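# Results of the structural survey
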Amino acid sequence: MADVIVTHNWRHRTLFLGLSFIIVFARLLPLDTGPGQFPGPDLLVCLAFAWVLRRPDYVPVAMIAAVILMTDILFMRPLGLWTACVVLGYEFLRSREPFSRDLPFMLEWTVVGTVITAMTLGYVIVLAVFAVDQPALGLTLLQMLATIAAYPLVVLFSARLLGLKKIPPGAVDQLGHKL
Amino acid sequence: MATDRGNSDEYVRPIRRILVIGLLTFLVGLFLLWRIDSPRAERFRAMLVDRFVPSMDWALVPVTKVADMIEGFESYSRIYDQNQELRRELQQMRAWREAALQLEQENAKLLDLNKVRLDPALTYVTGVVLADSGSPFRQSVLLNVGARDGIMDGWATTDGLGLVGRISGVGQTTSRVILLTDPGSRIPVTVQPSGQRGILAGDNSALPPVDFIEDIDRVRPGDRVVSSGDGGVFPAGLLVGQLVTGPDQRLRVRLSADYERLEFLRVLRSQSAERIGEPGGLVVPEFEPEPRKEEDAVAQGEAGDG
């Protein structure tokens, strides 16, 4: 019985890793090498937050940290800082997850938007304190807004296509533990 | 119920919290390490990228090609017009080529007559663009040539039309090219024909501005911008682009390289140029003549007489 749950979890974890890989891959494709494009949303953060607010057991913190750290390395960002921001946001949302089960989606979106805003501002401020060269603030804020705007789409995708639902109140797993 | 936060196991939660705090400490430590010892961290990054990206090579290249083909497919509708246009252009080019060849021969003859020595010919390594920076804030591409092919940090990169950027970060099989449009890119340039020096500073826009031009009045939009070779980093005389006036009335450069289509890049092998370090000393005999006693005496006597 335990094996069933374990494989079930791992199947979703592999799915998450696969999706992250596709996102990173698409970002790395050298299709548009010219500058001055509109900065797209950070889909990985959307995906992580959408999943943790639905099934936190599918996305353990170590996996999130590993994926985001990998993008830190590949996308030439300062190592570790954005990952730390995402982990903080993730932990905050994870601790609120039991309360957000019966919240309407608009409220969930507001909470996620606030968390992403706080993460971005924290990131920018820490970089400024450490005197690291930064892209223009406007671009960073644009990306933040794009990320927040993309969140409902990612939720829709996860819920409709991948069947990721919120845990209903009082649900138990196969072992009878409360989820 | 309200205080029950998900995983209510009494043992799991504190351990998890400790692990998360440990993870955060590690990440912040990594950031501090990156900030303190940036070159080492960047080498580590180049090493990891070198391990990771070439393994996606098999997929990156075909997907890019297919996407390019789809884009190219859209232009098939006007392929006939395009063909005619290209033929006309080719005709003109042939005439130009003939002229260029004649001029080259003439030039070579004149140079030979004048005993002019040119820069040693630049040889190059050609690489395929594997991936871009993945971030809208950084402008760089990853090439599939690296230390194995003798690539070194700081070498210039062109796409055949103009300067593209310089190597910054070399792995065993990959190397990263910081494009001229990257906010961190600073290249010394000369504006021809006036010969004014300036610095081309990338700012994440398609038209990077030129700073520190001494005499603004002597340059005008349309002038050619070439690399100047100041600082000994770059070979001199590589075409960068043309001067234009940006929407903000700053002097900017329209880059010659085709930044929308970076597929193959040439990395120019720069021989480290000999540099003239110090001002010349006095012209004196290389070894001092041994002073002889009589001469000394005579010299003193003469000095006394005078």
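Residues numbered from 1 in each chain as written. Chains lettered and ligands numbered in written order. Predicted model: local features only at pLDDT ≥ 70, side-chain atom pairs only at ≥ 80, totals over all residues.

Another point: the overall build of chain B. A count of helical and extended segments in chain B gives 5 helices and 12 strands. Relative to its full complement of 306 residues, chain B shows a buried share of 27%. (Helix = DSSP H or I, 4+ residues; strand = E, 2+ residues; numbered from the N terminus. Buried ≥ 20, exposed ≤ 12 C-beta atoms within 10 Å, placed from the backbone.)

Across its full length, chain A holds 6 helices and 0 strands. The order of α-helices and β-strands along chain A, N terminus first, is α-α-α-α-α-α. Taking all 179 residues of chain A together, the buried fraction comes to 38%. Sequence separation of at least 24 residues holds for 72% of the intrachain contacts in chain A that already meet a minimum separation of 6. (Contact = placed C-beta atoms within 7 Å.)

At the junction of the two partners, chain B supplies 43 residues and chain A supplies 39 residues. Broken down by secondary-structure element, the contributors of at least two residues to the side of chain B that touches chain A are helix H1 (12-36), helix H2 (38-52), helix H3 (57-74), strand S1 (124-132) and strand S2 (140-143) of chain B. Per-element accounting of the side of chain B that touches chain A gives the leading share, 9 residues, to H1(B). Partitioning the side of chain B that touches chain A into residue classes produces 24 nonpolar, 12 polar and 7 charged. (Nonpolar A, V, L, I, M, F, W, Y, C, P; charged D, E, K, R; others polar.)

The next thing to look at is the confidence of the model for chain B. Residues and elements named next belong to chain B. With 85% of its residues at a pLDDT of at least 70, chain B reaches an overall mean of 82. Note on residues 1-7: pLDDT under 50 across the span, and 8 contacts to partners over four residues away in sequence or across chains. Overall fold confidence (pTM) sits at 0.73, and the ipTM for the predicted complex is 0.87. (pLDDT = per-residue confidence, 0-100.)

A separate point is the nonpolar core. All names here are of chain A. Among the nonpolar cores identified, the biggest contains 89 residues, and Ala48, Phe49, Ala50, Ile64 and Val86 are the most heavily contacted of them. Sorting elements by how many residues they give to this core places helix H2 (residues 43-52) first, with 10 residues. Beyond its immediate sequence surroundings of up to four residues, Ile64 is in contact with Ala48, Val59, Val86, Val87 and Tyr90. (Core = buried A, V, L, I, M, F, W, Y, C linked by C-beta atoms within 7 Å.)

In this section: the packing of helix H4 (residues 81-96) of chain A against helix H5 (residues 105-129) of chain A. Residues and elements named next belong to chain A. Between H4 and H5, whose axes approach to 10 Å, the crossing angle comes to 150°. Comparing the axis directions of H4 and H5 gives the class roughly antiparallel. Here H4 runs over H5; the crossing is right-handed. Seen from H4, the contacting residues are Leu81, Trp82, Cys85, Val86, Gly89, Phe92 and Leu93; seen from H5, they are Val115, Met119, Gly122, Tyr123 and Val126. (Axes fitted to C-alpha atoms, helices over the stretch in contact; angles between N-to-C directions. Parallel < 35°, antiparallel > 145°, perpendicular 65-115°, else oblique. Left-handed = near helix turned anticlockwise from the far one by under 90°.)

What follows covers the sheet that holds strand S10 (residues 239-245) of chain B. Taken in spatial order, the 6 strands line up as S8-S7-S6-S9-S10-S11 (chain B) in an open sheet, and their pairing is antiparallel. Looking at the sheet topology across the chains shown, the edges are occupied by strand S8 (210-211) and strand S11 (251-255) of chain B. (Pairing = 2+ DSSP bridges.)

Before going further, it helps to spend a moment on helix H3 (residues 61-74) of chain A. Residue and element names in this part refer to chain A. Its 14 residues place the ends of H3 20 Å apart at the C-alpha level, agreeing with the 20 Å of an ideal helix rising 1.5 Å per residue. With respect to burial, H3 is a largely interior element, 10 of its 14 residues being buried. Every buried residue of H3 is accounted for by Val61, Ile64, Ala65, Val67, Ile68, Leu69, Thr71, Asp72, Ile73 and Leu74. After H3 finishes, the residue Met76 shows a positive phi value of roughly 60°. (Expected span 1.5 Å × (residues − 1).)

This part covers helix H4 (residues 79-114) of chain B. Residues and elements named next belong to chain B. Given a rise of 1.5 Å per residue, 36 residues ought to cover 52 Å, and the 50 Å separating the end C-alpha atoms of H4 matches this to within 8%. With 0 of 36 residues buried, H4 is to be regarded as a mostly surface element. Lys115, located one to two residues past H4, shows a positive phi value of around 55°.

On to the confidence of the model for chain A, then. Note: predicted coordinates in regions of low pLDDT should not be interpreted at a detailed level. The share of residues in chain A with pLDDT of 70 or more is 87%, and the mean pLDDT across the chain is 86. Mean pLDDT values over the elements of chain A span from 81, in helix H1 (residues 2-28) of chain A, up to 94, in H5(A).

Spatially, S1-S2-S5-S4-S3-S12 (chain B) is the arrangement adopted by the 6 strands of the closed barrel, whose pairing is antiparallel. In this sheet, neighbouring strand axes are inclined to one another by 45° on average, regardless of whether the strands run parallel or antiparallel.

Right, let's get into the packing of H3(A) against H4(A). All names here are of chain A. Viewed as axis vectors pointing N to C, H3 and H4 meet at an angle of 150°, and their least axial separation amounts to 9 Å. Taken together, the axes of H3 and H4 lie roughly antiparallel to each other. Once H3 is placed against H4, the crossing between them reads as right-handed. On H4, the residues touching Val61, Ile64, Ala65, Ile68, Leu69 and Asp72 of H3 are Trp82, Thr83, Val86, Val87, Tyr90 and Glu91.

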